Amino acid sequence: MAVQDAIATIVTETPAETEAVGRVLGRALVPGDLVNLQGDLGAGKTLFVKGLAASLGYDPHDVQSPTFTLVHEHRGERLTLYHLDLYRLDDALAEIEALGFEEYLEPEDAVTAVEWGERGEPALSRRRFDVVFEVLGSRRRITVYAREIEQQRIEELQQAFSKLGLERTGGACGGRPT
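S.K.: Hey, could you run me through the pairing of strand β5 (residues 110-115) in this one?
M.R.: Burial of β5 is extensive: six of the six residues sit out of reach of the surface. Burial along β5 is two-sided: the residues A110, T112 and V114 and V111, A113 and E115 are all buried. Sheet topology note: the strand β2 (residues 34-38)/β5 ladder contains four bridges and is parallel. The residue of β5 that forms the bridge with L34 is T112. Sheet topology note: the strand β4 (residues 80-85)/β5 ladder contains six bridges and is parallel. Considered in β5, the bridge of L84 is made with V114.

Okay, here's the thing in structure tokens:
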């Protein structure tokens, strides 16, 4: 089993800080990127996507969880952002295929943020960022992993995360099974 290293682990104390971490990652996104968001209900996944959206030129107030609609498309000047939520899919892999969501999970000229992506993990792009949210009382631990992402982008992201001034527990601070 392969192990993927974390490129950053950051602890946030407010919704604004969680959104700021999303903005940092969003500035580094390029067409074809997928961001897989994992964490319990209320862990901050949609707040993080608001930050991604803001960095791509969208009004973060327009970003809502697509739990019931499954997908929201935000089209704009820099990049199109697809925001998916697989939480309500009973058989995520079969339903992804039946709904024709493959294009969202392998974006070519857009970026995709997927909440509850682990439910359809085999269908996700191999080249992606995995973002794991852990609830620590009123705080959130956000760990960002990079899969098949260029080393230069990883290093630039690590520098950008360090400039946030938030509590960090390291860059390559360990791994997790993939």
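From this point on, the discussion continues.
S.K.: I tried to follow the side chain of S55 on my own but got confused; where do I start?
M.R.: Relative to the helices and strands, S55 is located in helix α2 (residues 45-55). By relative accessible area, S55 is classed as buried at 16%. In this structure the side chain of S55 is engaged in a polar contact, spanning 2.7 Å, whose partner is the backbone oxygen of L52. Residue contacts for S55: discarding those within four places in its chain leaves R23, G26, R27 and R78.

S.K.: Would you explain the packing of aromatic side chains in this entry?
M.R.: Aromatic ring pairs are reported here in terms of the distance separating the ring centres and the angle at which the planes meet. On inspection of all chains with the given rule, the structure shows one aromatic pair. When the centroid spacing of 5.5 Å and the interplanar angle of 85° are considered together, the rings of F48 and F133 count as edge-to-face. Here F133 lies in strand β6 (residues 128-136) and F48 lies in helix α2, a separation of 85 residues in the sequence. Since its relative accessible area comes to 0%, F48 is described here as buried. On the accessibility criterion, F133 (4% relative accessible area) is buried.

Cut-offs applied
- Residues numbered from 1 in each chain as written.
- Predicted model: local features only at pLDDT ≥ 70, side-chain atom pairs only at ≥ 80, totals over all residues.
- Heavy atoms only, no water.
- Buried < 20%, exposed > 50% of the residue type's maximum accessible area, 1.4 Å probe, protein only.
- Helix = DSSP H or I, 4+ residues; strand = E, 2+ residues; numbered from the N terminus.
- Pairing = 2+ DSSP bridges.
- Polar contact = N/O pair within 3.5 Å; in protein donor to acceptor, adjacent residues only side chain to side chain.
- Contact = heavy atoms within 4.5 Å.
- Phe/Tyr/Trp six-rings, centres within 6.5 Å; stacked < 30°, edge-to-face > 60°.

Everything listed here is a matter of coordinates, which is why it stays silent on function.
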